[in-house]
Amino acid sequence: QDMADEVKKFANKDFMEAACATSCLIAHADGTCDSEEKMKTLEYMKMNDSLKVFSQSDVIKTFNELAELYTFDPGMGKDKCFKLIEKIKNNPEASRACLRWGCVIGAADGNFDENEQAMVRTIANKVGLNANEFID
């Protein structure tokens, strides 16, 4: 509920795109993201109350576009995701909410692994936040 209340503060396109980009980066953190993992990520995004402030079709469309680009060319996919995340860089509260969302996605399967944690660190660095705030 806290996450949902926090996201409601940032119910705008830039935040939604940054949340989808964060989800995409976390899903691909181990170097691969098969169709089953994409579907699980999408299902979790659909079920999670914190993203219900956005049009589910927009969330799914944005995530799928980013995942397809990432699959086509991982370098291009990462660049696009980081550009979308950096749009919220000047809003530390939105950046924190986005990073918390990334941690939720990373832990959704019950294992917030080293690759996912490393990606959270990278994203935190991109938005000028301390990753230790999000990772114990």
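Below or above, wherever it landed, is the structure these notes cover. Source: prediction; values computed, not measured.

### Some words on the side chain of His28
Consideration 1: Assignment of secondary structure puts His28 in the loop between α2 (13-27) and α3 (35-47).
Consideration 2: Within the structure, the side chain of His28 is placed 2.8 Å from the backbone oxygen of Cys24, a separation counted as a polar contact.
Consideration 3: Residues contacting His28, with those up to four places away along its chain left out, are Cys33, Lys38, Ala67, Tyr70 and Thr71.

### Observations concerning the pattern of salt bridges
Consideration 1: Counted according to the given criterion, the structure contains five salt bridges.
Consideration 2: In this structure, the salt-bridge partner of Lys87 is Glu17, at a minimum N-O distance of 3.5 Å. Linking Lys87 in the loop between α5 (74-86) and α6 (92-107) with Glu17 in helix α2, this pair joins segments that are 70 residues apart in sequence.
Consideration 3: Using a relative accessible area of 47% as the deciding quantity, one classes Lys87 as partly exposed.
Consideration 4: Residue Glu17 is classed as buried on the basis of its relative accessible area of 11%.
Consideration 5: When the shortest N-O distance is used, the salt bridge between Glu65 and Lys61 registers 3.6 Å. You can see Glu65 and its partner Lys61 sitting in helix α4 (residues 56-72), four residues apart, about one turn around the helix.

About the criteria used
Residues numbered from 1 in each chain as written. Predicted model: local features only at pLDDT ≥ 70, side-chain atom pairs only at ≥ 80, totals over all residues. Heavy atoms only, no water. Helix = DSSP H or I, 4+ residues; strand = E, 2+ residues; numbered from the N terminus. Polar contact = N/O pair within 3.5 Å; in protein donor to acceptor, adjacent residues only side chain to side chain. Contact = heavy atoms within 4.5 Å. Salt bridge = Lys/Arg side-chain N within 4 Å of Asp/Glu carboxyl O. Buried < 20%, exposed > 50% of the residue type's maximum accessible area, 1.4 Å probe, protein only.

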